[in-house]
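Chain by chain, the residues run as shown.
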Amino acid sequence: MKKAALGLAAALTLALAGGAGAQGYPTKPITMIVPFAAGGPTDIIARMVSENMSKTLGQQIVIENVAGAGGTTGITRALTAAPDGYTIAMGHLGTFSAAPATYPNLKYDPIDGLQAIGLAGGTPILIVARKNLDATDLKGFVAAVKASPDKFNEAHAGVGSVSWTTCTLLKGQLGVPKLNSVAYRGTGPALNDLVSGQIDFMCDQIVSVAEQVKAGTIKAYAIASAERSPALPDVPTTKEAGLPEYQIEAWNGIVAPKGTPKEAVDKLVAALDKALNDENTKKRLMDLGTVIPTAAERTPEGFAALIKRDAEKLSPALKAAPK
Ligand code: ASP
């Protein structure tokens, strides 16, 4: 009788601790959906952070690139997956804060319809151009774009992506909202066309363009942050370069489907925090210009608050923008 009672007590403890499945979480590889093509900023941050998280979790985090519709296709796939902790996603300012204003029929609710895990990296925005574009500085670029907008092509990663959102704001400020733009499955592929001169400029996150700027294969007119980046100390801020009103920073963060077991959420949050404290991971991210999140931003509450704050900040301008 005693043995049976002990067995029952153990089973009860396990069940009360959030479900047998979550208790041993993770017991198999985890899929992290990256909603853009490989090689872009979201993919770069996802691979760097998940490499260290896999070590902590004891299971491989497998990146799956699911591009389309400015990243909303991949995020929809992730947030409609089984809420068991085995499907997560790396999204960003575009897929969570800009998407509600750019996709009226969005199939997920970034404010109340997901389980935030934490911010993985702040990503300053650069205005970058093909290396042989005539303008030698931001003032010259602005003057040329204002004078002949029809002579320019801008690249982005789809309506609602960070590159689309941030360049839409720039074009609005310059009074050229209809300047021609070309959509790609990510700014990784777009960068290839910028380097080869097929495209004139784009607004992209520093992590995927820093190396190309350093190598001189593309040029950066300015960084849209209050301060210069230690990764690109020679690139002036927009304020220094004569366009103080253009300041915007992006970010990338991890989410899971709403209803993911607490045990799994807690382990993912702890693994992300550990990755961002890991010296090697931190160095690799910072060398590309990533701003390492504070401890508060790495929490579900802190990240959810950031998504909400930026959605409120962006929606008026985005609702007015031509799609
Ligand atoms: N984050 C996207 C990418 O990684 C680019 C973007 O959102 O503009 O390709």
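Structural data are supplied above this passage.
The rules behind the values
Residues numbered from 1 in each chain as written. Predicted model: local features only at pLDDT ≥ 70, side-chain atom pairs only at ≥ 80, totals over all residues. Heavy atoms only, no water. Near = heavy atom within 4 Å. Polar contact = N/O pair within 3.5 Å; in protein donor to acceptor, adjacent residues only side chain to side chain. Areas by Shrake-Rupley, 256 points an atom, 1.4 Å probe, with all protein chains shown as cover. Helix = DSSP H or I, 4+ residues; strand = E, 2+ residues; numbered from the N terminus. Nonpolar A, V, L, I, M, F, W, Y, C, P; charged D, E, K, R; others polar. Core = buried A, V, L, I, M, F, W, Y, C linked by side-chain atoms within 4.5 Å. Buried < 20%, exposed > 50% of the residue type's maximum accessible area, 1.4 Å probe, protein only. Contact = heavy atoms within 4.5 Å. Disulfide = S-S within 2.5 Å. Pairing = 2+ DSSP bridges. Axes fitted to C-alpha atoms, helices over the stretch in contact; angles between N-to-C directions. Parallel < 35°, antiparallel > 145°, perpendicular 65-115°, else oblique. Expected span 1.5 Å × (residues − 1). Bend = angle between axes of the 7 residues up to and from the residue. Phe/Tyr/Trp six-rings, centres within 6.5 Å; stacked < 30°, edge-to-face > 60°.

**Q** Explain the site of the ligand to me, and be specific about the residues and the numbers.
**A** The immediate surroundings of the ligand are formed by Phe-36, Gly-40, Pro-41, Thr-42, His-92, Ala-157, Ser-161, Val-162, Ser-163, Gly-186, Thr-187 and Gln-205. Here Pro-41 contributes a backbone N or O atom positioned 3.3 Å from an oxygen atom of the ligand. Within the complex, the protein chains bury 100% of what would otherwise be the 270 Å² of accessible surface of the ligand. Counting residues per element, the ones that place at least two in the shell around the ligand are helix 3 (41-57) and helix 7 (162-174). When the residues that make up the shell around the ligand are grouped by side-chain class, the tally is four nonpolar, eight polar and no charged.

**Q** Would you mind going over the nonpolar core in detail, with residue names and values included?
**A** Within the largest apolar cluster, 51 residues are counted, with the highest numbers of intra-cluster contacts made by Phe-96, Leu-138, Phe-141, Tyr-246 and Phe-303. For Tyr-246, the residues in contact, after removing those within four places along its chain, are Ile-125, Ile-127, Thr-166, Cys-167, Leu-169, Leu-170, Gln-173, Cys-203, Ala-224 and Thr-238. Judged by nonpolar contacts, the second largest core, of 48 residues, contains Met-90, Ala-155, Ile-206 and Leu-268.

**Q** Which residues make up unusual backbone geometry, and what are the values?
**A** With omega at -5°, the peptide bond leading from Tyr-25 into Pro-26 counts as cis. Tracing the backbone shows Pro-26 in the loop between helix 2 (20-23) and strand 1 (30-34). Positive phi, normally seen in glycine, also occurs at Ala-69, with a value near 50°.

**Q** Talk me through the state of the cysteines; I want residue IDs and the actual numbers.
**A** This model, assessed by the stated rule, comprises one disulfide. Covalent S-S linkage joins Cys-167 and Cys-203, the inter-sulfur distance amounting to 2.1 Å. Residues Cys-167 and Cys-203 are joined by a disulfide whose S-S torsion is about 75°; by sign, that bridge is right-handed. Residue Cys-167 is located in helix 7, and its partner Cys-203 is located in strand 7 (residues 201-205); the two are separated by 36 residues in the primary sequence. For the residue pair Cys-167 and Cys-203, the accessibility class agrees, reading buried in each case.

**Q** Report on the pairing of strand 8 (residues 218-223), specifying residues and quantitative values.
**A** Regular strands place their side chains on alternate faces of the sheet. With six of six residues buried, strand 8 is to be regarded as a mostly interior element. Here strand 4 (residues 114-130) runs beside strand 8; their pairing, made up of five bridges, is antiparallel. By the bridge assignment, Leu-126 is partnered in strand 8 with Ile-223.

**Q** Any chance you could break down the side chain of Ser-208 for me, citing the residues and the numbers?
**A** Here Ser-208 lies in helix 9 (residues 206-215). A relative accessible area of 9% places Ser-208 in the buried class. A polar side-chain atom of Ser-208 sits 2.8 Å from a polar atom in the side chain of Asp-204.

**Q** Please set out the packing of helix 3 against helix 11 (residues 279-287) residue by residue, giving values where relevant.
**A** For the pair helix 3 and helix 11, interaxial distance at closest approach is 10 Å and the crossing angle is 175°. Classified by the angle their axes make, helix 3 and helix 11 are roughly antiparallel. Contacts between helix 3 and helix 11 involve Ile-45, Met-48, Val-49, Glu-51 and Asn-52 from the first element and Thr-281, Arg-284 and Leu-285 from the second. Of the residues assigned to the contact of helix 3 with helix 11, the class counts are four nonpolar, two polar and two charged.

**Q** Account for helix 3, naming residues and giving values.
**A** Taking 1.5 Å per residue as the helical rise, helix 3 with its 17 residues ought to reach 24 Å, and the 24 Å between its terminal C-alpha atoms agrees with that figure. Of all bends in helix 3, the biggest is about 25°, found at Ser-50. With respect to burial, helix 3 is a largely interior element, twelve of its 17 residues being buried. Within helix 3, the full set of buried residues consists of Pro-41, Thr-42, Asp-43, Ile-45, Ala-46, Met-48, Val-49, Ser-50, Asn-52, Met-53, Ser-54 and Leu-57. Immediately beyond the C-terminal end of helix 3, within one or two residues, lies Gly-58, with a positive phi of roughly 75°.

**Q** With reference to specific residues and values, describe the packing of aromatic side chains.
**A** Inspection of every chain in the model, using the stated rule, returns six aromatic pairs. With centroids separated by 5.2 Å and ring planes inclined at 55°, the aromatic side chains of Tyr-25 and Tyr-86 adopt a geometry described as tilted. On the criterion of sequence distance, the pair formed by Tyr-25 in the loop between helix 2 and strand 1 and Tyr-86 in the loop between helix 4 (72-79) and strand 3 (87-92) is long-range, its members being 61 residues apart. Ring centres of Phe-96 and Phe-303 lie 6.3 Å apart, and the angle between their planes is 75°; this geometry places the pair in the edge-to-face category. One end of the pair, Phe-96, is in helix 5 (residues 93-102); the other, Phe-303, is in helix 12 (residues 300-320), with 207 residues separating them in the sequence. Note on Phe-96: relative accessible area 0%, which makes it buried.

**Q** Just give me the short version of the side chain of His-92, but keep the residues and values in it.
**A** The topology assignment puts His-92 in strand 3. With a relative accessible area of 2%, His-92 lands in the buried category.

**Q** Any chance you could break down helix 9 for me, citing the residues and the numbers?
**A** Every buried residue of helix 9 is listed here: Ile-206, Val-207, Ser-208, Val-209, Ala-210 and Val-213. Following helix 9 by one or two positions, Gly-216 adopts a phi angle in the positive range, close to 80°.

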